[in-house]
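As a plain string of letters, each chain reads:
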Amino acid sequence: MSKLIIFSAPSGSGKSTIVNHLLQAGFDIEFSISATSRTPRGKEKDGVEYYFLTPEEFRKKIAADEFIEYEEVYKDTYYGTLASEIERISKKGKHIVFDVDVIGGLNIKKKYGDRALLIFIAPPSIDELRNRLIKRGTDSAEMINLRIEKATYELSFAPHFDVTIINDDLEKTKKEVESVLRKYLQK
Ligand code: ADP
Ligand code: 5GP
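Residue positions within a chain follow its written sequence, with the count starting from 1. To read the labels, note that chains go from A and ligands from 1, taken in the order they are written. Reporting in this predicted model follows two pLDDT cut-offs: at least 70 for local features of residues, and 80 or more for side-chain atom pairs to be given and counted; totals over whole chains, interfaces and linings ignore these cut-offs and use all residues. Only hydrogens and water are set aside; all other atoms, that is, all heavy atoms of the structure, feed into the side-chain values.

1. A closer look at the pattern of salt bridges
Here is step 1: Salt bridge, as used here, is a side-chain nitrogen of Lys or Arg placed within 4 Å of a carboxyl oxygen of Asp or Glu. All told, the structure shown has 16 salt bridges when counted by the stated rule.
Here is step 2: For D76, the salt bridge goes to K75, with nearest N and O atoms at 3.9 Å.
Here is step 3: A residue is classified by how much of its surface remains accessible, and D76, at 29% relative accessible area, is partly exposed.
Here is step 4: Sharing partners across several salt bridges, the network here consists of E30, E85, R88, K92 and K94. Accessibility here uses a 1.4 Å probe with only protein chains present; expressed as a share of the type maximum, an area under 20% marks a residue as buried, one over 50% as exposed, and anything in between as partly exposed.

Laid out in C-alpha coordinates, this is it:
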(Lines give C-alpha, C1' and ligand atoms only; values in the text may rest on other atoms or scores of the structure.)
(Ligands and ions follow the chains in the order given, each with its own letter.)
Protein backbone atom coordinates (compact mmCIF):
# COMPACT_ATOMS: atom_id res chain seq x y z
CA MET A 1 0.00 0.00 0.00
CA SER A 2 1.29 3.49 -0.81
CA LYS A 3 2.66 5.51 2.08
CA LEU A 4 2.33 9.25 2.43
CA ILE A 5 5.32 11.48 3.18
CA ILE A 6 4.28 14.98 4.08
CA PHE A 7 6.62 17.97 4.20
CA SER A 8 5.64 21.21 5.86
CA ALA A 9 7.81 24.19 6.73
CA PRO A 10 7.79 27.94 7.07
CA SER A 11 8.41 29.53 3.68
CA GLY A 12 12.15 29.87 3.01
CA SER A 13 13.21 26.92 5.20
CA GLY A 14 14.37 24.96 2.16
CA LYS A 15 11.41 22.63 1.72
CA SER A 16 11.26 22.84 -2.11
CA THR A 17 15.03 22.35 -2.36
CA ILE A 18 14.78 19.23 -0.19
CA VAL A 19 11.67 17.78 -1.87
CA ASN A 20 13.19 18.31 -5.33
CA HIS A 21 16.34 16.56 -4.20
CA LEU A 22 14.39 13.57 -2.86
CA LEU A 23 12.37 13.23 -6.06
CA GLN A 24 15.64 12.67 -7.92
CA ALA A 25 17.26 10.43 -5.30
CA GLY A 26 15.97 7.11 -6.63
CA PHE A 27 13.11 6.48 -4.20
CA ASP A 28 9.87 4.94 -5.43
CA ILE A 29 8.00 8.20 -4.82
CA GLU A 30 5.96 10.74 -6.74
CA PHE A 31 4.93 14.31 -5.96
CA SER A 32 1.29 15.01 -5.14
CA ILE A 33 0.23 17.91 -7.33
CA SER A 34 -2.13 20.14 -5.36
CA ALA A 35 -4.97 22.18 -6.77
CA THR A 36 -4.93 25.94 -6.24
CA SER A 37 -6.97 28.93 -7.28
CA ARG A 38 -3.99 31.27 -7.31
CA THR A 39 -2.62 32.20 -10.74
CA PRO A 40 0.58 30.59 -12.08
CA ARG A 41 3.87 32.32 -11.19
CA GLY A 42 6.78 32.54 -13.62
CA LYS A 43 7.18 29.33 -15.59
CA GLU A 44 4.63 27.31 -13.61
CA LYS A 45 2.48 25.02 -15.76
CA ASP A 46 -0.93 23.51 -15.15
CA GLY A 47 -0.57 19.88 -14.10
CA VAL A 48 3.11 20.26 -13.19
CA GLU A 49 3.49 22.43 -10.07
CA TYR A 50 -0.27 22.69 -9.47
CA TYR A 51 -3.63 22.09 -11.05
CA PHE A 52 -4.66 25.71 -11.56
CA LEU A 53 -8.40 26.23 -11.08
CA THR A 54 -10.62 29.28 -10.90
CA PRO A 55 -12.13 30.00 -7.46
CA GLU A 56 -15.45 28.90 -9.00
CA GLU A 57 -14.06 25.55 -10.18
CA PHE A 58 -12.37 25.05 -6.83
CA ARG A 59 -15.63 25.66 -4.93
CA LYS A 60 -17.44 23.19 -7.18
CA LYS A 61 -14.91 20.52 -6.27
CA ILE A 62 -15.31 21.34 -2.57
CA ALA A 63 -19.08 20.91 -2.96
CA ALA A 64 -18.55 17.59 -4.73
CA ASP A 65 -16.32 16.44 -1.83
CA GLU A 66 -13.33 15.88 -4.11
CA PHE A 67 -10.66 17.08 -1.63
CA ILE A 68 -9.05 15.15 1.21
CA GLU A 69 -8.11 18.55 2.66
CA TYR A 70 -8.23 22.13 1.47
CA GLU A 71 -7.79 25.62 2.83
CA GLU A 72 -8.84 29.11 1.84
CA VAL A 73 -5.57 30.84 2.72
CA TYR A 74 -7.01 34.25 1.93
CA LYS A 75 -10.19 35.33 0.21
CA ASP A 76 -10.71 33.31 -3.00
CA THR A 77 -7.24 31.76 -2.76
CA TYR A 78 -7.61 28.07 -2.09
CA TYR A 79 -5.08 25.22 -1.88
CA GLY A 80 -6.05 21.59 -1.59
CA THR A 81 -5.22 17.94 -2.15
CA LEU A 82 -7.54 16.08 -4.51
CA ALA A 83 -8.50 12.49 -3.65
CA SER A 84 -7.98 11.70 -7.35
CA GLU A 85 -4.31 12.65 -6.99
CA ILE A 86 -3.73 10.06 -4.27
CA GLU A 87 -5.58 7.53 -6.40
CA ARG A 88 -3.47 8.41 -9.47
CA ILE A 89 -0.14 7.84 -7.70
CA SER A 90 -1.31 4.82 -5.64
CA LYS A 91 -2.32 3.07 -8.85
CA LYS A 92 1.28 3.28 -10.03
CA GLY A 93 2.35 1.55 -6.81
CA LYS A 94 4.38 4.57 -5.70
CA HIS A 95 4.63 6.36 -2.38
CA ILE A 96 3.33 9.92 -2.29
CA VAL A 97 5.21 13.08 -1.33
CA PHE A 98 3.27 16.17 -0.25
CA ASP A 99 4.30 19.80 0.10
CA VAL A 100 1.49 21.38 2.12
CA ASP A 101 1.22 23.95 4.88
CA VAL A 102 1.27 22.89 8.54
CA ILE A 103 -2.51 22.70 8.94
CA GLY A 104 -2.91 20.71 5.71
CA GLY A 105 -0.17 18.35 6.88
CA LEU A 106 -1.82 17.74 10.23
CA ASN A 107 -5.18 17.13 8.53
CA ILE A 108 -3.72 14.52 6.18
CA LYS A 109 -1.96 12.80 9.08
CA LYS A 110 -5.23 12.72 11.05
CA LYS A 111 -6.88 10.93 8.13
CA TYR A 112 -4.13 8.43 7.33
CA GLY A 113 -2.44 7.78 10.72
CA ASP A 114 0.51 5.39 10.46
CA ARG A 115 0.30 5.35 6.67
CA ALA A 116 1.61 8.92 6.79
CA LEU A 117 4.89 10.41 7.99
CA LEU A 118 4.79 14.08 8.91
CA ILE A 119 8.15 15.85 8.46
CA PHE A 120 8.75 19.42 9.60
CA ILE A 121 11.64 21.31 8.02
CA ALA A 122 12.78 24.12 10.30
CA PRO A 123 15.29 26.92 9.65
CA PRO A 124 18.26 27.19 12.08
CA SER A 125 16.84 30.54 13.29
CA ILE A 126 14.42 33.28 12.28
CA ASP A 127 17.37 35.53 11.37
CA GLU A 128 18.73 32.90 9.00
CA LEU A 129 15.25 32.44 7.52
CA ARG A 130 15.13 36.16 6.76
CA ASN A 131 18.60 36.01 5.17
CA ARG A 132 17.55 33.15 2.90
CA LEU A 133 14.36 34.88 1.81
CA ILE A 134 16.34 38.06 1.02
CA LYS A 135 18.95 36.04 -0.89
CA ARG A 136 16.34 34.06 -2.82
CA GLY A 137 15.13 37.39 -4.20
CA THR A 138 11.56 36.34 -5.07
CA ASP A 139 9.66 38.42 -2.48
CA SER A 140 9.22 42.12 -1.69
CA ALA A 141 10.39 43.42 1.72
CA GLU A 142 6.74 43.57 2.78
CA MET A 143 6.13 39.97 1.72
CA ILE A 144 9.27 38.84 3.55
CA ASN A 145 7.99 40.47 6.75
CA LEU A 146 4.64 38.71 6.33
CA ARG A 147 6.36 35.37 5.75
CA ILE A 148 8.55 35.87 8.86
CA GLU A 149 5.53 36.75 10.97
CA LYS A 150 3.74 33.61 9.77
CA ALA A 151 6.88 31.49 10.30
CA THR A 152 6.84 32.14 14.04
CA TYR A 153 3.27 30.84 14.18
CA GLU A 154 4.07 27.82 11.99
CA LEU A 155 7.13 26.89 14.06
CA SER A 156 4.84 26.44 17.06
CA PHE A 157 3.35 23.36 15.31
CA ALA A 158 6.68 21.50 15.06
CA PRO A 159 6.07 19.42 18.24
CA HIS A 160 3.01 17.83 16.59
CA PHE A 161 5.11 16.42 13.73
CA ASP A 162 6.64 12.92 13.62
CA VAL A 163 10.07 14.24 12.70
CA THR A 164 11.63 17.71 12.80
CA ILE A 165 14.74 18.37 10.73
CA ILE A 166 16.70 21.59 11.14
CA ASN A 167 17.98 22.62 7.74
CA ASP A 168 21.33 24.17 8.64
CA ASP A 169 23.95 22.58 6.38
CA LEU A 170 22.08 21.58 3.20
CA GLU A 171 24.20 18.53 2.37
CA LYS A 172 23.74 17.18 5.90
CA THR A 173 20.00 17.81 5.70
CA LYS A 174 19.69 15.92 2.43
CA LYS A 175 21.43 12.89 3.96
CA GLU A 176 19.29 13.06 7.09
CA VAL A 177 16.05 13.24 5.10
CA GLU A 178 17.15 10.36 2.87
CA SER A 179 17.89 8.26 5.93
CA VAL A 180 14.52 9.06 7.55
CA LEU A 181 12.74 8.14 4.33
CA ARG A 182 14.69 4.92 3.80
CA LYS A 183 13.79 3.73 7.30
CA TYR A 184 10.14 4.68 6.98
CA LEU A 185 9.67 3.03 3.60
CA GLN A 186 11.26 -0.20 4.82
CA LYS A 187 8.80 -0.58 7.69
P1 ADP B 1 10.87 26.87 0.71
O2 ADP B 1 10.44 25.91 -0.36
O3 ADP B 1 10.82 26.26 2.07
O4 ADP B 1 10.17 28.20 0.65
P5 ADP B 1 13.40 27.06 -0.75
O6 ADP B 1 13.73 25.62 -1.03
O7 ADP B 1 12.94 27.92 -1.87
O8 ADP B 1 12.42 27.18 0.51
O9 ADP B 1 14.72 27.69 -0.08
C10 ADP B 1 14.80 29.08 0.23
C11 ADP B 1 16.19 29.63 -0.20
O12 ADP B 1 17.19 29.12 0.71
C13 ADP B 1 16.60 29.17 -1.59
O14 ADP B 1 17.27 30.23 -2.22
C15 ADP B 1 17.53 27.98 -1.31
O16 ADP B 1 18.49 27.83 -2.35
C17 ADP B 1 18.19 28.38 0.01
N18 ADP B 1 18.55 27.24 0.91
C19 ADP B 1 17.89 26.07 1.10
N20 ADP B 1 18.51 25.31 2.05
C21 ADP B 1 19.58 26.03 2.46
C22 ADP B 1 20.63 25.79 3.43
N23 ADP B 1 20.69 24.68 4.17
N24 ADP B 1 21.55 26.75 3.60
C25 ADP B 1 21.51 27.91 2.87
N26 ADP B 1 20.57 28.20 1.95
C27 ADP B 1 19.61 27.27 1.74
P1 5GP C 1 2.83 28.76 -2.92
O2 5GP C 1 1.74 29.71 -3.29
O3 5GP C 1 4.09 29.48 -2.47
O4 5GP C 1 3.10 27.74 -4.01
O5 5GP C 1 2.34 27.89 -1.68
C6 5GP C 1 1.90 28.53 -0.53
C7 5GP C 1 1.67 27.54 0.57
O8 5GP C 1 0.58 26.64 0.26
C9 5GP C 1 2.89 26.64 0.90
O10 5GP C 1 3.04 26.65 2.33
C11 5GP C 1 2.44 25.27 0.45
O12 5GP C 1 3.03 24.24 1.24
C13 5GP C 1 0.93 25.34 0.69
N14 5GP C 1 0.20 24.35 -0.09
C15 5GP C 1 0.44 23.92 -1.36
N16 5GP C 1 -0.43 22.96 -1.72
C17 5GP C 1 -1.25 22.76 -0.66
C18 5GP C 1 -2.35 21.88 -0.41
O19 5GP C 1 -2.76 21.06 -1.23
N20 5GP C 1 -2.95 21.97 0.80
C21 5GP C 1 -2.52 22.84 1.75
N22 5GP C 1 -3.16 22.82 2.91
N23 5GP C 1 -1.49 23.69 1.56
C24 5GP C 1 -0.87 23.64 0.37
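2. Concerning the site of ligand 2
Here is step 1: The rule for a residue being near a molecule or strand is that one of its heavy atoms must lie within 4 Å of it. Surveying the vicinity of ligand 2 reveals 14 residues, the closest of which are S34, Y50, E69, Y79 and D99.
Here is step 2: Think of a polar contact as two N or O atoms within 3.5 Å of one another; within protein, one of them needs to be a possible hydrogen donor and the other a possible acceptor, and neighboring residues in sequence only count if both atoms come from side chains. R41 places a polar side-chain atom, nitrogen or oxygen, 3.0 Å from an oxygen atom of ligand 2.
Here is step 3: D99 is positioned such that a nitrogen or oxygen atom in its side chain is 2.8 Å from an oxygen atom of ligand 2.
Here is step 4: For the area figures, the Shrake-Rupley method with a 1.4 Å probe applies, and any residue is considered shielded solely by the protein chains shown. In the complex, the protein chains occlude 85% of the 520 Å² of accessible area that ligand 2 would expose alone.
Here is step 5: Elements with a minimum of two residues in the shell around ligand 2: β5 (67–74) and β6 (77–82).
Here is step 6: Here the shell around ligand 2 gets 3 residues from one element, more than from any other, and that element is β6.
Here is step 7: In this count, Pro and Cys sit with the nonpolar residues alongside Ala, Val, Leu, Ile, Met, Phe, Trp and Tyr, while Asp, Glu, Lys and Arg are called charged and the others, Gly among them, polar. Classifying every residue of the shell around ligand 2 gives 3 nonpolar, 4 polar and 7 charged. Elements are defined by DSSP. Helices are runs of H or I of four residues or more, strands are runs of E of two residues or more, and each kind is numbered from the N terminus.

3. Here's the deal with the nonpolar core
Here is step 1: To qualify as a nonpolar core, a set must consist of buried Ala, Val, Leu, Ile, Met, Phe, Trp, Tyr and Cys residues joined through side-chain atoms within 4.5 Å. The biggest cluster of nonpolar side chains holds 19 residues, and the ones touching the most others in it are I5, F7, I29 and I119.
Here is step 2: At the level of elements, β1 (4–8), α1 (15–23), β8 (116–122), β9 (163–166) and α7 (170–186) are the ones that each hand at least two residues to this core.
Here is step 3: In terms of residues, this core owes the most to one element, α7, which gives 5 residues.
Here is step 4: Apart from residues no more than four positions distant in its own chain, I29 is found in contact with I5, L22, L23, K94, H95, V97, L181 and L185.
Here is step 5: Ranked by size, the runner-up nonpolar core spans 17 residues in total, among them I6, I89, F98 and F157. Contact definition: two residues touch when any of their heavy atoms are within 4.5 Å.

4. Comments concerning the site of ligand 1
Here is step 1: Looking at ligand 1, there are 13 residues lining it, with G12, S16, T17, R136 and D168 nearest.
Here is step 2: The contact in question runs from an oxygen atom of ligand 1 to an N or O atom on the backbone of G12, over 2.7 Å.
Here is step 3: Protein contacts shield 75% of the accessible area of ligand 1, which totals 560 Å² for the unbound molecule.
Here is step 4: Mapped onto the shell around ligand 1, the elements with two or more residues apiece are α1 and α5 (126–136).

5. A few points about the pairing of β9
Here is step 1: Of the two faces of β9, only one is covered, namely that formed by V163 and I165; the face formed by T164 and I166 stays uncovered.
Here is step 2: One bridge is not enough; two strands pair if DSSP finds at least two bridges between them. When β8 meets β9, the two strands line up parallel, connected through 4 bridges. Within β9, the residue paired with I121 across the bridge is I165.

6. Here's the deal with the sheet that holds β5
Here is step 1: A sheet is described by the order of its strands in space; here 4 strands give the open sequence β4-β3-β6-β5, paired in mixed fashion. Of all strands in the sheet, those with a lone pairing partner are β4 (50–52) and β5, marking the two edges. Strand-to-strand twist across the sheet, computed as the mean angle between neighbouring axes with direction ignored, equals 25 degrees.
Here is step 2: As paired strands, strand β3 (residues 34–36) and β6 are joined by 2 bridges and run antiparallel to one another. From the neighbouring strand, T36 faces β6, where its bridge partner is Y79. The axes used here are C-alpha line fits, helices contributing only the stretch in contact, and every angle between their N-to-C directions lies in the interval 0 to 180 degrees.

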